[in-house]
Amino acid sequence: MAASLPEPAVLAAAKDTLYPDLDNRSNKYAVTETQFTQPTWGDWPIPDAVRRRLAPYNTIRLADGEPDLLGVGMPTVDVLNANAATTPVTVIEAKGDNTDPTAADVQTGITQAHSHLGEANLGYVAAPTQAITDTARALARDLNIGVIAVDTATDATLIEPARVTGAGDFSTTIDAVRFQATTHRLTEGSFPVNHPKNYLGYVLALAADQDTRVVYTDNVINSVSSGRRGALLLGLVADHPDGDTLTHLGADAVRFARDQHGSITAALDEFASWKGRPTRFTELAPRWAQLARSVAIQYDPTQLIIESLERLHNRGITHPSIDAVAREACRINQPLAVEVFFTQPRRADVLGPDGDIDESALADPTVYKSGIHFQFKYHLYHVGLLTDAGTDDKDEVLSNPWALAHSVKPGTATN
């Protein structure tokens, strides 16, 4: 009998086939359902190597069940009608067997993948090659489901391509994963610098007549990649194959600069005068800080954090710690909260196999992304949304307060 191919191994091979190039520079992103965080699959111990290949994990709850993997971005395989979407949403259903690879229920996997096409653009089933019959392939073609034939835990081939379809309304889960892909992923380095002037400055440097990199390093900071990354994340700049372009939001920041200073050059001179000054942006340049605030509030993580703080404030918790904020954020939008707050290597500690949050893990400061409690919290402080700056000291992460400068509900001010 051929070597067994349990579902985690099949899924890892399928993920590597569709998304072999996932990294911090990719506009693709994929998460695996939390059921695969458990140490065993039946009586088969899931190897650490397979678990690492399946990471990161998140709770995936769609209208018709829980696909094994959800990805955003065009797979690196043949896709029919590929020009119909630039960042399609993909689901994979994996089928395997702990003892007999021919026993994998491929047809059920096909129908499960098909049931998700109301919310996804591409659907795939992955199964051991020995289990894929001509009948199953015909069913997959009829239902527009791609088929990935898996020979070993590291060797798989696309044998039936899928066609991009139109999807209906995206779920909360898909919105969270789509957010990650289209904004170049909220990873540890997403906010490597913490002052909003550095992102607005990239917009001005891009709008200037001279070389963007030279203008930026001369007038803002030396780390051009950091400023650019922040501008991309906040929607000020769009990344196109032929170079960065201003979005509507970025273009309006340029108009603001001209209105305030008369020219881009004069605005950049002002930015240059701010180099190395730790003064809170609301005090250093109040009108620019107000613009930065209006940009920040349109960013999904900002909205999630502020709504969490408002809810806590309304319950009388005016100076919560990060664990309380993360817990409340998970109640509002768990998939997005997981992406915003928790490091990828520690997702399996925070999320149980059933998709629930292990709240005891939230008391461990090392589960949180430094970008959230340091750079991004500083950002929200500089624009006047929070009363306290961030910290990069792990010993202070849980004691560093998250307080709204002003709440919507009347009552005691936190400023």
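Because the structure is a prediction, the values reported are computed rather than measured.

We now examine the overall build of the chain. A count of helices and strands for the chain gives 16 helices and 13 strands. Relative to a compact globule of 415 residues, whose C-alpha radius of gyration would be 22 Å, the chain shows 23 Å and is just as compact. With the C-alpha coordinates of the chain rotated into their principal frame, the extents come out at 75 × 50 × 35 Å. Within the chain, contacts between residues separated by at least 24 positions form 67% of all contacts whose residues are at least 6 apart in sequence. Per element, the accessible surface of the chain, about 16,700 Å² overall, is 47% carbon and sulfur. The averaged location of the 52 negative side-chain charges in the chain is 6 Å from the averaged location of its 34 positive side-chain charges.

On to empty space enclosed by the protein. In this approach a probe as big as a water molecule rolls over the atoms, and the regions it shows empty are the leftover space. Under the criterion given, the structure shown has two cavities of 30 Å³ or more. In this structure, the second largest cavity occupies an estimated 40 Å³ of space. For the second largest cavity, the full set of lining residues is Pro196, Tyr199, Leu200, Leu234, Leu236, Ala292, Val295 and His379. When residues of the lining of the second largest cavity are traced back to their parent elements, those giving at least two are α6 (197–207) and α12 (286–296). Looking at the lining of the second largest cavity residue by residue, the classes come out as seven nonpolar, one polar and no charged.

In this section: helix α10 (residues 264–273). For α10, every residue scored as buried is listed here: Ile264, Ala267, Leu268 and Phe271. End-on view of α10: buried residues confined to an arc of 100°, all on one side of the axis. Looking at the buried residues of α10, the elements they touch are α6, α7 (212–219), α9 (248–261) and α12.

This part covers the sheet that holds strand β4 (residues 57–58). Within a sheet, adjacent strands bond to each other through the backbone by hydrogen bonds, running parallel or antiparallel. Ordered in space as β4-β1-β5-β7-β8-β9-β10, the seven strands form an open sheet in which the pairing is mixed. Each edge of the open sheet is held by one strand with a lone partner, namely β4 and β10 (155–160). Along the sheet, helix α1 (residues 7–18) makes contact with β1 (29–33), β5 (69–72), β7 (89–94), β8 (122–128), β9 (146–152) and β10, crossing β7 at roughly 150°.

Right, let's talk about the pairing of strand β12 (residues 237–240) for a bit. Across four bridges, the pairing between β12 and strand β13 (residues 243–246) is antiparallel. Residue pairing for β13: His240 is matched across the bridge by Gly243. Taking the residues between adjacent antiparallel strands as the criterion, β12 and β13 are bridged by two residues.

Here we take up α7. Residues of α7 that are buried: Thr212, Val215, Tyr216 and Asn219. Projection of α7 onto a plane perpendicular to its axis shows the buried side chains occupying an angular sector of 95°, all on one side. Summarising the contacts, the buried residues of α7 are in contact with α6, α8 (224–233) and α10. Near the N-terminus of α7, the side chain that reaches the backbone nitrogen of Arg213, with its oxygen 3.1 Å away, is that of Asp211.

The next point concerns the confidence of the model for the chain. Regions with low pLDDT should not have their predicted coordinates read in detail. For the chain, per-residue confidence averages 90 on the pLDDT scale, and 91% of positions sit at 70 or higher. The model gives residues 183–189 a pLDDT under 50, and that stretch makes 33 contacts with residues more than four places away or in other chains.

We now examine the nonpolar core. Leu200, Leu236, Phe281, Trp288, Phe341, Phe342 and Tyr368 are the most contacted members of the largest nonpolar core, which has 70 residues in total. Ranked by the residues each element gives to this core, the list is headed by helix α14 (residues 322–341), at 11 residues. Counting 32 residues, the second-largest nonpolar core is a separate cluster that includes Val10, Ala13, Ala30 and Tyr124.

The subject of this paragraph is a negative patch on the surface. A cluster of acidic residues, Asp392, Asp393, Asp395 and Glu396, forms a negative patch on the protein surface. The residue Glu396 is located in the segment after α16 (370–382) in this model. Given a relative accessible area of 40%, Glu396 falls into the partly exposed group.

In this section: the packing of aromatic side chains. Counted by the stated rule, this structure contains 11 aromatic pairs. Considering the side-chain rings of Tyr378 and Tyr381, the 6.3 Å spacing of their centres and the 80° angle between planes classify their relative orientation as edge-to-face. Of this pair, Tyr378 and Tyr381 both sit in helix α16, separated by three residues, roughly a single helical turn. A residue is classified by how much of its surface remains accessible, and Tyr378, at 24% relative accessible area, is partly exposed. Chaining the aromatic ring pairs together yields one cluster made of Phe256, Phe271, Trp274, Phe281 and Trp288. Positioned above the aromatic ring of Trp402 is the side chain of Lys377, whose terminal nitrogen or guanidinium carbon lies 5.2 Å from the ring centre.

In helix packing, the relevant descriptors are the interaxial angle and the interaxial distance, both defined with respect to the helix axes. The N-to-C vectors of helix α3 (residues 106–115) and helix α4 (residues 134–143) enclose an angle of 5°; their axes lie 10 Å apart at closest approach. Taken together, the axis directions place α3 and α4 in an arrangement best described as roughly parallel. Residues Val106, Gln107, Ile110, Thr111 and His114 of α3 touch α4, and the partners they reach there are Thr135, Ala136, Leu139, Ala140 and Leu143. Tallied by class, the residues present in the contact of α3 with α4 amount to six nonpolar, four polar and no charged.

Here the structure, examined in full by the defined rule, presents 16 salt bridges. Across the salt bridge formed by Glu339 and Arg347, the nearest N and O atoms sit 2.9 Å from each other. The class of Arg347 is buried, set by a relative accessible area of 1%. A cluster of three or more residues bridged by salt bridges with shared partners is formed by Glu33, Arg61 and Glu66.

Reading the values: the criteria
- Residues numbered from 1 in each chain as written.
- Predicted model: local features only at pLDDT ≥ 70, side-chain atom pairs only at ≥ 80, totals over all residues.
- Heavy atoms only, no water.
- Helix = DSSP H or I, 4+ residues; strand = E, 2+ residues; numbered from the N terminus.
- Rg over C-alpha atoms; globule rule 2.2 N^0.38 Å.
- Contact = heavy atoms within 4.5 Å.
- Areas by Shrake-Rupley, 256 points an atom, 1.4 Å probe, with all protein chains shown as cover.
- Lys, Arg positive; Asp, Glu negative; His and termini not counted.
- Charge placed at Lys NZ, Arg CZ, Asp CG, Glu CD.
- 1 Å grid on protein atoms, 1.4 Å probe; cavity = no way out; pocket = protein on both sides within 12 Å on 5 of 7 lines; lining within 4 Å.
- Points joined across faces, edges and corners; volume = space filled by probe spheres on them.
- Nonpolar A, V, L, I, M, F, W, Y, C, P; charged D, E, K, R; others polar.
- Buried < 20%, exposed > 50% of the residue type's maximum accessible area, 1.4 Å probe, protein only.
- Arc of directions from axis to C-beta.
- Pairing = 2+ DSSP bridges.
- Axes fitted to C-alpha atoms, helices over the stretch in contact; angles between N-to-C directions.
- Polar contact = N/O pair within 3.5 Å; in protein donor to acceptor, adjacent residues only side chain to side chain.
- pLDDT = per-residue confidence, 0-100.
- Core = buried A, V, L, I, M, F, W, Y, C linked by side-chain atoms within 4.5 Å.
- Patch = residues over 30% accessible without salt bridge, like charges linked within 9 Å, V, L, I, M, F, W, Y side chains within 5 Å.
- Salt bridge = Lys/Arg side-chain N within 4 Å of Asp/Glu carboxyl O.
- Phe/Tyr/Trp six-rings, centres within 6.5 Å; stacked < 30°, edge-to-face > 60°.
- Lys NZ or Arg CZ within 6 Å of the ring centre and 35° of its normal.
- Parallel < 35°, antiparallel > 145°, perpendicular 65-115°, else oblique.

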